[in-house]
Amino acid sequence: MSTLLHSKIEGKGTPFLILHGFLGMLDNWKTLGSQYAEEGYEVHLIDQRNHGKSFWSTDFNYDLLTEDLKYYMDEHQLHEAIILGHSMGGKTAMQFACTYPERVAKLIVADIAPKFYPPHHQPIIDSLLKLDLPSLNSRGDADDALGKYIRDFGTRQFLLKSLYWREKGKLGFRFNLEVLSQKMAEVGENIGSNESFIGPTLFLRGDQSEYIQEADTENIKRHFPNASIEVIDKAGHWLHAQNPKQFFNKSMAFLNA
C-alpha cells in the first residue's frame, strides 16, 4: 500500500504536475505554478517522498519515486497529465514518462539529462549535518550558522526554505536529512530504463549550468526522440528561479505548440 504524496492544487483545466529538485519542496514552484494555473491548467505542485510535507521513508530511488507519482495520479483520477520536473524531479519525470508513456501528455525537463551524475551534493549535506539545530533560535541564527560553510546566499535561502518549527522552540528541516545523506548515490542515478518516450518533450537548460552538455544531445534524443532543447539565459541550475520570465515563456510556447 503506497502513501499519498502531499500536494497543492490550483486552477482548473488540463492536469499539470510539477516536481521539485533535491532538498527542495513544492513551495519552490509556487509563483510559476500560479502563472500556469492562470493559463488554464490544473496545477499540482507535489512534494516528493522525504521532502516537504510528504511522508518519510528509508527507501529512496527513482523506481519508487515513479511509483509514488503513479499512485498519486491514480488517487486523483488523472488519466493523463503534463509533467514538469526540475533536477531530481526531472529524473523522476523522465523515468515516469518512459515507464508509463500513456499517462504523459507532454514532458518538460528542467536542467538535467538522462545520465548518471557522480554524487556532488556532499559539501551541502555535510554543512547541513554540522548544524546544531537545538541551539538555533531563529531562521537568522540558522543562516549565520550555515554561512560558515555555504558562502552562496541563494543556496542558503533555498535550503532554509525547508526549515520550520517542529514544535515551540524546536527547529527542523522538512527534508529527511538522515536518509537523503545516505542515499546520495541514488539521486545521481540514471533513469533506469532503455525504453523511450515518444511524446512531445522539452528540455530547458541554464546557459551557466553544466548539467546538460552538448554531448548529451544524442542520449536525450535516444530516450526522447521528439525532444527539443532550449537554453534559458542568465541562469544556472536553478533556472526557474533565476530567469522565471523566460522559463515561463519558453515552457508556454512548447505547451501551446
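Whatever comes next refers back to the structure up there.
Notes on the structure in this doc start here. Quick caveat, the model's predicted, so the values are computed rather than measured. Per chain, the residues get numbers from 1 upward, laid out in the order the sequence is written. A pLDDT threshold of at least 70 governs which residues receive local features in this predicted model, and a stricter bar of 80 or more applies before side-chain atom pairs are shown or counted, although totals over entire chains, interfaces and linings include all residues. Neither water nor hydrogens contribute to the side-chain values; these are computed over all heavy atoms in the structure.

**Here we look at the nonpolar core**
Next up, step 1: Membership of the largest hydrophobic core comes to 31 residues, with the highest contact counts inside it found for Leu17, Ile83, Leu107, Phe203 and Phe224.
Next up, step 2: Here a helix means four or more residues in a row that DSSP labels H or I, a strand means two or more in a row labelled E, and each is numbered from the N terminus. Taken together, the elements giving at least two residues each to this core come down to strand S2 (14-19), helix H2 (62-75), strand S4 (81-86), helix H3 (88-99) and strand S5 (104-110).
Next up, step 3: Per-element tally for this core: the top contributor is H3, with five residues.
Next up, step 4: In what follows, residue pairs with any heavy atoms lying within 4.5 Å of each other are defined as contacts. Among all residues touching Leu107, those that are not within four sequence positions of it are Ile83, Ala93, Met94, Ala97, Phe197, Pro200, Thr201, Leu202, Phe224 and Phe254. Side-chain atoms within 4.5 Å are what join buried Ala, Val, Leu, Ile, Met, Phe, Trp, Tyr and Cys residues into a set we call a nonpolar core. Buried residues are those whose accessible area, probed at 1.4 Å on protein chains only, stays under 20% of the maximum for their type, while exposed residues exceed 50% and partly exposed ones sit between those limits.

**Considering the pairing of S5**
Next up, step 1: Within S5, six of the seven residues are buried, leaving the element largely enclosed by the surrounding structure.
Next up, step 2: DSSP-based pairing: two strands are paired if at least 2 bridges between them are found. For S4 and S5, the ladder comprises six bridges, and the chain directions are parallel. Within S5, the position partnered with His86 by the bridge is Ala110.
Next up, step 3: When the strands point away from the viewer and the path from the first strand over the helix to the second turns clockwise, the crossover is right-handed. Where the polypeptide runs from S4 across H3 and back to S5, its parallel neighbour, the crossover connection is right-handed.
Next up, step 4: Pairing of S5 with strand S8 (residues 201-206), which is carried by four bridges, proceeds in the parallel orientation. Looking at the pairing, Leu107 lines up with Thr201 of S8.

**With respect to the environment of Gln246**
Next up, step 1: Residue position: Gln246 is located in helix H11 (residues 244-256).
Next up, step 2: Classification of Gln246 by relative accessible area gives buried; the value is 18%.
Next up, step 3: Excluding residues that lie within four positions of it along the chain, Gln246 makes contacts with Val231, Ile232 and Asp233.

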